[in-house]
Structure formats: structure tokens, C-alpha cells
Amino acid sequence: MTDYYKTLGLPKGASPDEIKKAYRKLAVKYHPDKNAGDEEAAAKFKEVSEAYGVLSDPNKRQMYDTYGSDALKGAGMGASGAGFSSMEEALRTFMGAFGNASSSGNSFFDSFFGQNVHETARYAQQGVSKEAQLSIDFEDAAKGIEREIAITNYVQCSKCHGSGARSTQDIKNCSTCHGTGHLHQTRGFFSMSSTCPHCHGSGRVISSPCHECHGVGKIKQKQQIKVPIPAGIEDGMRLKMTGYGDAGDGGGPRGDLYVYIRVKSHDIFKREGDNLIINLPISLSEAALGCKKDLPRLLSTKPVRLTVPSGTQTGKVLRVKGEGLKNVHGHGRGDLLIHVQVETPVNLSSEQKVLLEQFQETESSHNSPQRKSFLDKIKTLF
């Protein structure tokens, strides 16, 4: 008498999950694809398949546990039957043990043999998404704005409501595929499925097409779209306008519209994240003595009062809190960063030269600490 439990390496009280796991392990080990030309492996694969075919079926397992394997031979469960009524059943069991599923939710076996259980959903397709580019001023990006753009889309034909036919009576099931959208061919053990060439997979044909759309179900139409641009948007960002693309097919939803934003540069301000940058040139005397400066605001005529401390060096960055850009996601506001550039005077008059020479004679090392530090480092190299 054949011991199916021993074949799978299991005790008699093994659970269905344990049976499935044991079969999976052995099926992979002895599968003919991994052991081409190995008759012993082929025989083993046949044995474990037969064992799984019995122990995975509650009724057959109960009969086997009560009366043994001989009781199943009358039901076509002998060694020659391998526990399955056909090669397709054996393959279905083998693939099912792995729990494979296609992206559509069907088993691997069903997808392989073209047995799609979601036939109606297969024809509904979302429309094509579109892209557009919109250029805005730096100030508009800072405050936010609504702009209007023109796009040309495929929209549902109002005459036939997207059916493509003059009337509902003009829509017939495809006689080639009988409305399934695909054709089946059997070759040996395998059933092959292909898209119907007559209806191109739709499963239907139109005997009298709509005069407006000529059977397409969609027509081209120019539309004006209002695009809300949020404050703080950055150059290169993309806005998604859901449902503003082409109309779908077979009742599918419309595609989307993606608007790419290009922000023009500004004469004074630059952007760094949510911060605004200004390069501020000041004179030598202003840097040495300190000064006050009125700086422009981006979105206001009221200036920002800035105090430049005495002894300010080129490259010094002064910060004004909260005078930057709004964060596009609503996370606060950036700052205004002032990059100071001390400008060396040029085109000096005779009087200015005399004054500078007199000042130079009064200079000492404590007036230029950075220069003194640099000179001290140089001395160590000689």
C-alpha cells in the first residue's frame, strides 16, 4: 500500500498548510524542468503530485485514511493517474501550491491559459494623461496665482455618449470571438489565448458608426483650463490636474493633466529653498563704521530696515527672520538672507588718496586681525 504521508515526509495528522508546504518543497526539488532527462526525478515528481492530489482533497484524504490507497484506485487514483484527471489539473495544483497570482488577481495558471475572470473590467481603460508647461513671474510664484491655459483633448462624443455607434442597436457581439475579446487555441496540453484581430479585444463590433466621431467614441476639443498655482511654488515643480486628460475607453476614467511650472528669474532676488537672497554691496567706510540700509521687500512697497554692524567683512550673511517665501506645502515661511559685499573704492581723487594714505599710517595689526593671522601663518613656512 502506498504511504502518501511518507512520500511527503509528513506525520498522519499533518495540517493542510503543512501538506502544501511539503509538496511545494518536493515539487521544486524534483520538477522535470530542473532535472531534464532524470527519470528517477520524474518518477519522484509523479509520486509527490499523486500524494498531494489525495491529501489536499478532504474527501479523498478521509477515504485514504480509512481504507488506504487501494480504495482510491477505482476512482482513477492509481499510479498512472498521478492523482489528477488531466495534465492541466496537475499544473493547476502545482502552480496553486505556490499561491502565484497575476497582477489582475487571477492565479498564475488562469493567467497563463488566458482564463481571465475580469473580462468586463479588461475593456475599461483610463484616458491618456497630458503634459503642459506654464511660465510665471518670480513674484507670482511667491504670492500664488491662478492662470488659464489652453489644451486640446479627446473628450467623449456627446452624440453617441462614447459608444462610437449611431445607436445601441448598432453594437453587436463580435462573431469571431463571440464577445470574449480573445481567441483560444489548444496545442497538446496547453491552451493559448490571443487578442481577437477582428474586434481588437473589445468583444464588440459596430455595424453603423456615429457620424460625429466616426466610431471612435471621442472627438478633439480645445479647452481653457484654470490652473491654481500655490504660493511658494518652485521652478520645475509639477502640478497634477486630475481628470483633465483625454477621455477613457469603455467607460474608463479620464486621464490627468500634468503642468510643469517654469519660474522666471528676478533682477534682485534669488531663491534658496524657502529663503530669499539679496547681494548687498557696501562701501569700505560703511563696512568699517557700520550703517543702516533700507532693502526692498518682494511683495510689499514697505522696505526692510537693516543694520550693518561696524567691521562687517565681505561674505558676511545677515538674516531677517520671516521675510522669505511661504513654504508651498504650508510649513511656515523662509527668511531674507543678505550677502554683504564690501566694495573697494576706485577712481580715487587726489584728496581721497591723501586721506587714505594718512589712514594707512595709523593702521595697526588689531585693525586687521584676519590679515595678521594670515601673515603669521606664512612666516612659519619660511
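Up top you'll find the structure we're talking about.
The structure contained in this document is the topic of the report that follows. (Residues numbered from 1 in each chain as written. Predicted model: local features only at pLDDT ≥ 70, side-chain atom pairs only at ≥ 80, totals over all residues. Heavy atoms only, no water.)

**Comments concerning the overall build of the chain**
At step 1: Helix and strand content of the chain: twelve helices and 15 strands.
At step 2: Within the chain, the fraction of its 382 residues that count as buried is 33%. (Helix = DSSP H or I, 4+ residues; strand = E, 2+ residues; numbered from the N terminus. Buried < 20%, exposed > 50% of the residue type's maximum accessible area, 1.4 Å probe, protein only.)

**Some remarks on the side chain of N275**
At step 1: Note on placement: N275 falls in strand β11 (residues 275-283).
At step 2: Other than its neighbours up to four places away in sequence, N275 contacts K270, G334, D335 and L337. (Contact = heavy atoms within 4.5 Å.)

**Focus: the nonpolar core**
At step 1: The biggest cluster of nonpolar side chains holds 37 residues, and the ones touching the most others in it are I149, V259, I261 and I338.
At step 2: If near-sequence neighbours (up to four positions away) are discounted, I261 is found in contact with L134, I136, I229, I233, E234, D235, G236, M237 and L239.
At step 3: In terms of nonpolar packing, the next biggest core, distinct from the first, is built from 19 residues, Y5, I19, V54 and L55 among them. (Core = buried A, V, L, I, M, F, W, Y, C linked by side-chain atoms within 4.5 Å.)

**Brief notes about the packing of aromatic side chains**
At step 1: Here the structure, examined in full by the defined rule, presents three aromatic pairs.
At step 2: Where Y5 meets Y64, the ring centres are 6.0 Å apart and the plane angle is 45°; that geometry is what we call tilted. Residue Y5 is found in helix α1 (residues 4-8), and its partner Y64 is found in helix α4 (residues 58-67); the two are separated by 59 residues along the sequence.
At step 3: Since its relative accessible area comes to 4%, Y5 is described here as buried.
At step 4: Through a chain of ring-to-ring contacts, the aromatic side chains of Y4, Y5 and Y64 assemble into a single cluster. (Phe/Tyr/Trp six-rings, centres within 6.5 Å; stacked < 30°, edge-to-face > 60°.)

Function cannot be read off these values alone, since they describe shape.
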